[in-house]
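Residue strings, one per chain:
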Amino acid sequence: TLRELVLEAALHLRVFRVPGMERPMERLSRHSTATAHAVRAVCRRTSLDAEYAFLVGLLHDVGFAGCLLALAEDPYWKGVTFEQFAPVLDEVHAEASALLTRLWKLPEPIQRSVANHHDLKVNGKVEPINAALIVAEQLCWEAGLGMLPPPEDADPYAMAMPEPPLE
């Protein structure tokens, strides 16, 4: 738990800080922390390693912050809003998260988990940690703690993953 607290504090002090993007980074920070705690709670009721799940939950969307940090350093992108970046970031964040975990030399299973965190199956095989993370993210989204806010008229149950994968 000390390691997790240190990592969480480090992420909040530097990685989740992007000049001009304070609100989205605050949302990312809340989402990552909530997802980490939710996936830990889900995994404590299974045979999955809850502390490993916490770490994966904390890091799964770090690619959003990494991309925004890189863009913030380029004067060309000054003045572009998060809302304008969001669709592209949503497409590339898992790959960016995997890249960051590789650069940080984190263990390969963590790299693989964050790289594929939206996929129930990896190489044709169901990944239990991914299933737990998908459930945790859905719970967070329904509680208003998603990375991207739900549309005003959203029905959380209509936007949930189809039932067979969650089952």
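Preceding block: the structure.
Here goes a summary of the coordinates provided. Fair warning: this is a prediction, and the values are worked out from it, not measured in the lab.

### Re the overall build of the chain
- Scanning the chain from N- to C-terminus turns up eight helices and two strands.
- Beginning at the N terminus, the succession of helices and strands in the chain can be written as α-α-α-α-α-α-β-β-α-α.
- In the chain, which comprises 167 residues, the share counted as buried stands at 43%.
- Residue pairs in contact within the chain that sit at least 24 positions apart in sequence constitute 64% of those at least 6 positions apart.
- Total accessible area on the chain is roughly 9600 Å²; 59% of this is exposed by carbon and sulfur atoms.

### Comments concerning a nonpolar patch on the surface
- On the surface, Leu99, Leu103 and Trp104 cluster together to form a nonpolar patch covering roughly 300 Å² of accessible area.
- For Leu103, a relative accessible area of 57% puts it in the exposed group.

### Overview of the packing of helix α4 (residues 62–72) against helix α5 (residues 82–103)
- The geometry of α4 relative to α5 is characterised by a closest axis approach of 6 Å and an angle of 115 degrees between their N-to-C directions. The pairing of α4 with α5 is recorded here as roughly perpendicular in orientation. Like other packed secondary-structure pairs, α4 and α5 cross with a definite hand, here right-handed. Where α4 abuts α5, its residues Val62, Gly63, Phe64, Gly66, Cys67, Leu68 and Leu71 lie against Phe82, Phe85, Leu89, Asp90, Val92, His93, Ala96, Ser97 and Leu100.
- Across the contact of α4 with α5, the residue classes tally to eleven nonpolar, four polar and one charged.

### Description of α5
- Compared with the 32 Å implied by 1.5 Å per residue over 22 residues, the 25 Å span of α5 between its first and last C-alpha is markedly short.
- Along its length, α5 reaches its greatest deviation from straightness, about 50 degrees, at Val92.
- Residues of α5 that are buried in the fold lie against α2 (22–43), α3 (50–59), α4 and α6 (108–115).
- Of the residues flanking the end of α5, it is Lys105, one or two places downstream, whose phi is positive at about 60 degrees.

### Looking at unusual backbone geometry
- The residue Lys105 is not glycine, and still its phi comes out positive at about 60 degrees.
- Residue placement: Lys105 occurs in the loop between α5 and α6.
- For Lys105, a relative accessible area of 72% puts it in the exposed group.
- A positive phi angle is found at Asn123, which is not glycine, with a value near 55 degrees.
- For Asn123, a relative accessible area of 79% translates into the label exposed.

### Things to note about the packing of aromatic side chains
- For the structure on display, the rule yields two aromatic pairs.
- Ring geometry for Tyr76 against Trp77: centres 4.9 Å apart, planes inclined by 90 degrees, an arrangement best described as edge-to-face.
- Using a relative accessible area of 64% as the deciding quantity, one classes Tyr76 as exposed.
- In textbook terms, an aromatic cluster arises when at least three aromatic residues are bridged by ring pairs, as seen for Tyr76, Trp77 and Phe85.

### Quick notes on the nonpolar core
- Among the nonpolar cores identified, the biggest contains 17 residues, and Val39, Cys43, Ala53, Leu59 and Val114 are the most heavily contacted of them.
- When contributions to this core are tallied by element, the ones reaching two or more residues are α2, α3, α6 and α7 (128–142).
- Apart from residues lying up to four places away in sequence, Ala53 is in contact with Val39, Cys43 and Ile129.
- Met25, Phe64, Phe82 and Ala96 belong to the second largest nonpolar core, which has 13 residues in total.

### Brief notes about the environment of Pro128
- Its place among the elements puts Pro128 in helix α7.
- Taking the C-alpha atoms as reference points, Pro128 and Thr46, separated by 82 residues in sequence, lie 9.7 Å from one another.

Cut-offs used in this document
All chains use their own residue numbering, which begins from 1 and follows the written sequence. Predicted model: local features are reported for residues with pLDDT of at least 70 only, side-chain atom pairs are reported and counted for 80 or more only, and whole-chain, interface and lining totals are derived from all residues. Hydrogens and water are ignored here; the side-chain numbers use all heavy atoms of the structure. Runs of H or I in DSSP of at least four residues are treated as helices and runs of E of at least two as strands, each being numbered from the N terminus. The buried label goes to any residue with under 20% of its type's maximum accessible area, the exposed label to any with over 50%, and the partly exposed label to all in between, with areas taken from a 1.4 Å probe on protein chains only. Residue contacts are defined here by distance: any two heavy atoms, one from each residue, within 4.5 Å place the two residues in contact. Note on areas: Shrake-Rupley with a 1.4 Å probe; residue coverage comes only from the protein chains shown. Surface patches are defined over residues having more than 30% relative accessible area and no salt bridge, joining like charges when they lie within 9 Å and nonpolar side chains (Val, Leu, Ile, Met, Phe, Trp, Tyr) when within 5 Å. What counts as a salt bridge is simple: a side-chain nitrogen of Lys or Arg found within 4 Å of a carboxyl oxygen of Asp or Glu. Only C-alpha atoms enter the line fits that serve as axes; for helices the fit covers just the stretch in contact. Angles between N-to-C directions range over 0 to 180 degrees. For classification purposes, angles smaller than 35 degrees are called roughly parallel, those larger than 145 roughly antiparallel, those between 65 and 115 roughly perpendicular, and all remaining angles oblique. When the near helix sits turned anticlockwise from the far one by under a right angle, the crossing is termed left-handed; a clockwise turn instead gives a right-handed crossing. Side-chain classes follow a simple rule in which Ala, Val, Leu, Ile, Met, Phe, Trp, Tyr, Cys and Pro form the nonpolar group, Asp, Glu, Lys and Arg form the charged group, and the remainder, Gly included, forms the polar group. Between the first and last residue of a helix there are one fewer steps than residues, each counted as 1.5 Å, and that sum is the expected span. The reported bend at a residue is simply the angle between two axes, fitted to the 7 residues ending at it and to the 7 residues beginning with it. Pairing of aromatic rings covers Phe, Tyr and Trp, the last counted by its six-membered ring, and requires centre-to-centre distances within 6.5 Å; plane angles under 30 degrees mean stacked, over 60 mean edge-to-face, and any other angle means tilted. We define a nonpolar core as any set of buried Ala, Val, Leu, Ile, Met, Phe, Trp, Tyr and Cys residues linked to one another through side-chain atoms lying within 4.5 Å.

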